[in-house]
Amino acid sequence: MDLATRFARSSFARFINSSAGRMMRIIVGLVLIIWGYTQLEGNGIILVIIGFVPLAAGGLDLCVISPLIGGPVSGKKVRAMCDAEDASR
């Protein structure tokens with residue numbers, strides 16, 4: 001079994017690509033953006049920029065970790081990899 005499939009089957013990947021995980025990423029992104037906006041005179045702009053990553057990933061159903069290990073970027077495809085493994089059992 002390759003690394004991408006093992007990742008897709010992990011409980012972390014199942015959660016992060018679920019509806020609850022996507023909502024959590026959107027909330028975390030918004031919190032980082034708001035926090036950064038209140039800290040603009042310091043390093044706040046960095047927080048604003050970083051906040052857009054989980055916000056976009058959650059809103060667009062993207063998994064930014066999966067491509068780093070050779071898997072698909074689409075959350076739907078990551079879920080399909082996991083479902084295919086479950087069906088083959």
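What you are looking at is a predicted structure, and each value in this text was computed from that prediction instead of being measured.

Caption draft 1: Structural detail: the confidence of the model for the chain. With 93% of its residues at a pLDDT of at least 70, the chain reaches an overall mean of 89. No element of the chain has a lower mean pLDDT than helix α5 (residues 75–87), at 79, and none a higher one than helix α3 (residues 19–38), at 96.

Caption draft 2: Focus on a nonpolar patch on the surface. A surface patch of nonpolar side chains, about 610 Å² in accessible area, is lined by Tyr-37, Leu-40, Ile-45, Ile-46, Ile-49 and Ile-50. With four residues, helix α4 (residues 44–59) is the largest single contributor of residues to the nonpolar patch. Mapped onto the elements of the fold, Leu-40 is located in the loop between α3 and α4. Residue classification places Leu-40 among the partly exposed residues on the basis of a relative accessible area of 40%.

Caption draft 3: Seen up close, the pattern of salt bridges. Tallied over the entire structure, the rule returns two salt bridges. The shortest N-O distance in the salt bridge between Arg-79 and Asp-61 comes to 2.8 Å. Here Asp-61 lies in the loop between α4 and α5 and Arg-79 lies in helix α5, a separation of 18 residues in the sequence. For Asp-61, a relative accessible area of 11% gives the class buried. A single network of salt bridges, built from pairs that share partners, joins Arg-22, Asp-61 and Arg-79.

Caption draft 4: Quick peek at the environment of Val-64. Inspection of the secondary structure assignment puts Val-64 in the loop between α4 and α5. The spatial distance from the C-alpha of Val-64 to the C-alpha of Pro-54 is 8.8 Å, given a sequence separation of ten residues.

Caption draft 5: Local environment of the nonpolar core. Counting five residues, the largest nonpolar core is built from Phe-7, Ala-8, Ala-13, Cys-63 and Val-78. Other than its neighbours up to four places away in sequence, Ala-8 contacts Ala-13, Arg-14, Val-78, Met-81 and Cys-82.

Caption draft 6: How the structure looks around the side chain of Arg-25. Counting through the fold element by element, Arg-25 comes out in helix α3. With no salt bridge to any partner, buried Arg-25 finds its closest opposite charge in Asp-61, at an N-O distance of 4.8 Å. With sequence-adjacent residues up to four places away left out, Arg-25 is seen in contact with Ile-16, Asn-17, Pro-54, Leu-55, Ala-57, Gly-58, Leu-62 and Cys-63.

Caption draft 7: Broad picture of the packing of α3 against α4. Two elements in contact, α3 and α4, have axes separated by 7 Å at closest approach and are oriented at 160°. Of the possible angle classes, the one that applies to α3 and α4 is roughly antiparallel. α3 and α4 meet at a crossing whose hand is left-handed. Listed contacts from α4 to Arg-22, Arg-25, Ile-26, Val-28, Gly-29, Leu-30, Leu-32, Ile-33, Trp-35, Gly-36 and Tyr-37 of α3 are Gly-44, Ile-45, Leu-47, Val-48, Ile-50, Gly-51, Phe-52, Pro-54, Leu-55, Ala-57, Gly-58 and Gly-59.

Rules of the game
- Residues numbered from 1 in each chain as written.
- Predicted model: local features only at pLDDT ≥ 70, side-chain atom pairs only at ≥ 80, totals over all residues.
- Heavy atoms only, no water.
- pLDDT = per-residue confidence, 0-100.
- Helix = DSSP H or I, 4+ residues; strand = E, 2+ residues; numbered from the N terminus.
- Patch = residues over 30% accessible without salt bridge, like charges linked within 9 Å, V, L, I, M, F, W, Y side chains within 5 Å.
- Areas by Shrake-Rupley, 256 points an atom, 1.4 Å probe, with all protein chains shown as cover.
- Salt bridge = Lys/Arg side-chain N within 4 Å of Asp/Glu carboxyl O.
- Buried < 20%, exposed > 50% of the residue type's maximum accessible area, 1.4 Å probe, protein only.
- Core = buried A, V, L, I, M, F, W, Y, C linked by side-chain atoms within 4.5 Å.
- Contact = heavy atoms within 4.5 Å.
- Lys, Arg positive; Asp, Glu negative; His and termini not counted.
- Axes fitted to C-alpha atoms, helices over the stretch in contact; angles between N-to-C directions.
- Parallel < 35°, antiparallel > 145°, perpendicular 65-115°, else oblique.
- Left-handed = near helix turned anticlockwise from the far one by under 90°.

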